[in-house]
Structures are given as structure tokens and as C-alpha cells.
Amino acid sequence: QVQLVESGGGLVQAGGSLRLSCAASGRTFRCDAMGWFRQAPGKEREFVAGISWSGGIPHYADSVKGRFTISRDNAKNTGYLQINSLKPEDTAVYYCNARLGGMDWWGKGTLVTVSS
């Protein structure tokens, strides 16, 4: 069983930064890609960023390009999302996702609240 645990969320002022982490359990964890999604109040869950696990090729939603940076440390079974220049519109629960073939694992989410 693979478990994903997010951390790093919190309350931050507009313009501030946070680093979110997604730690995967399992000594032999691997996946095809790890990504981050978010769900803001009154909105559907949306894709934020993703990265191929082996090659480290990142992809970003247009809304976060230039502000967010996704990375991963394969040896630590951990993915990261650096979120900078935060806006109130970034307020959401951020979820980590890992995909291997047709399988998906999800974390329980970490709340990011950006005050104006």
C-alpha cells in the first residue's frame, strides 16, 4: 500500500511563499509521474503542476507558470511544490497525486490560505 502525505500548507500573506512536500511511503516507491492539484472554494479540482518521476520534466498550469516550481527527490521518495508570489486566488486545498500506469494514489491534502 502506497500512502502520500502532504505538508507545508498554512496561512500566508499575499506575495509570500511556501514549500509543499509530498512524502510517499514504501522503500521501493516509484511512479510514472507526481503531480499537484488544488481545489478552491466553489470550484472544481484543477491541475496545478506535474513532473515525470524519472526524467524530471515539469508541466504547469498557465495560471501558475513563473510562480510555482515542481521538483522531486527520487532517493527520498518526496515531491515538492514551491509556491511563490501567492495571490488570494491561490487559496485552496492542495493535493498530491502519484500515477503508475493505470493506478493513482492521492494524499489527503494540505490547506493553503492566502490573505490579502
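The preceding data block contains the structure.
Residues numbered from 1 in each chain as written. Predicted model: local features only at pLDDT ≥ 70, side-chain atom pairs only at ≥ 80, totals over all residues. Heavy atoms only, no water.

Asker: Looking at this structure, I do not really get the side chain of Arg-67. What am I missing?
Answerer: Along the chain, Arg-67 turns up in the loop between strand S6 (58–60) and strand S7 (68–73). When sequence neighbours within four positions are dropped, the list of residues in contact with Arg-67 reads Gln-82, Ile-83, Asn-84, Ser-85, Leu-86, Lys-87 and Asp-90. (Helix = DSSP H or I, 4+ residues; strand = E, 2+ residues; numbered from the N terminus. Contact = heavy atoms within 4.5 Å.)

Asker: Honestly, the pairing of strand S9 (residues 92–100) in this entry has me stumped. Any pointers?
Answerer: Put simply, side chains in a regular strand alternate between the two faces of the sheet. Direction of pairing for strand S4 (residues 33–39) relative to S9: antiparallel, over a ladder of 7 bridges. Bridge pairing in S9 links Phe-37 to Tyr-95. When S9 meets strand S11 (residues 110–115), the two strands line up antiparallel, connected through 3 bridges. Considered in S11, the bridge of Val-93 is made with Leu-111. For S9 and strand S10 (residues 103–106), the ladder comprises 4 bridges, and the chain directions are antiparallel. Within the sheet, the bridge partner assigned to Arg-99 lies in S10 and is Asp-104. Hairpin connection from S9 to S10: 2 residues lie between these consecutive antiparallel strands, with Gly-101 at a positive phi of about 60 degrees. (Pairing = 2+ DSSP bridges.)

Asker: What's the story with the pattern of salt bridges in this structure? I'm lost.
Answerer: On inspection of all chains with the given rule, the structure shows 5 salt bridges. When the shortest N-O distance is used, the salt bridge between Asp-90 and Arg-38 registers 3.0 Å. With Asp-90 in the loop between strand S8 (78–83) and S9 and Arg-38 in strand S4, this residue pair connects regions lying 52 residues apart in the sequence. Overall, Asp-90 belongs to the buried group, its relative accessible area being 2%. Taking the relative accessible area as the measure of exposure, Arg-38 reaches 6% and is therefore buried. (Salt bridge = Lys/Arg side-chain N within 4 Å of Asp/Glu carboxyl O. Buried < 20%, exposed > 50% of the residue type's maximum accessible area, 1.4 Å probe, protein only.)

Asker: What should I look at first to understand the environment of Phe-29 in this one?
Answerer: Here Phe-29 is to be found in the loop between strand S3 (18–24) and S4. Judged by relative accessible area, which is 9%, Phe-29 ranks as buried. In the structure, Phe-29 is positioned 49 residues away from Thr-78 in sequence and 9.8 Å away in space, judged by C-alpha atoms. Ignoring any residue separated from it by four or fewer positions in sequence, one finds Phe-29 in contact with Val-2, Ala-24, Met-34, Trp-53, Asn-77 and Ala-98.

Asker: Where do I start with the packing of aromatic side chains in this structure?
Answerer: Two aromatic rings are characterised by how far apart their centres lie and by the angle between their planes. Per the stated rule, a full pass over the model turns up 3 aromatic pairs. Summarising the aromatic geometry, the rings of Phe-37 and Phe-47 are spaced 5.6 Å apart at their centres and angled 75 degrees between planes, so their arrangement reads as edge-to-face. One end of the pair, Phe-37, is in strand S4; the other, Phe-47, is in strand S5 (residues 46–52), with 10 residues separating them in the sequence. A relative accessible area of 34% means that Phe-47 is categorised as partly exposed. By the ring-pair criterion, three or more aromatic residues cluster together here, those being Phe-37, Phe-47 and Trp-106. Across from the ring centre of Tyr-95, 3.8 Å away, lies the NZ or CZ of Arg-45, which sits over that ring. Lying across the ring of Trp-106, Arg-45 places its NZ or CZ 5.1 Å from the centre. (Phe/Tyr/Trp six-rings, centres within 6.5 Å; stacked < 30°, edge-to-face > 60°. Lys NZ or Arg CZ within 6 Å of the ring centre and 35° of its normal.)

Bear in mind that shape data such as this cannot, by itself, settle questions of function.
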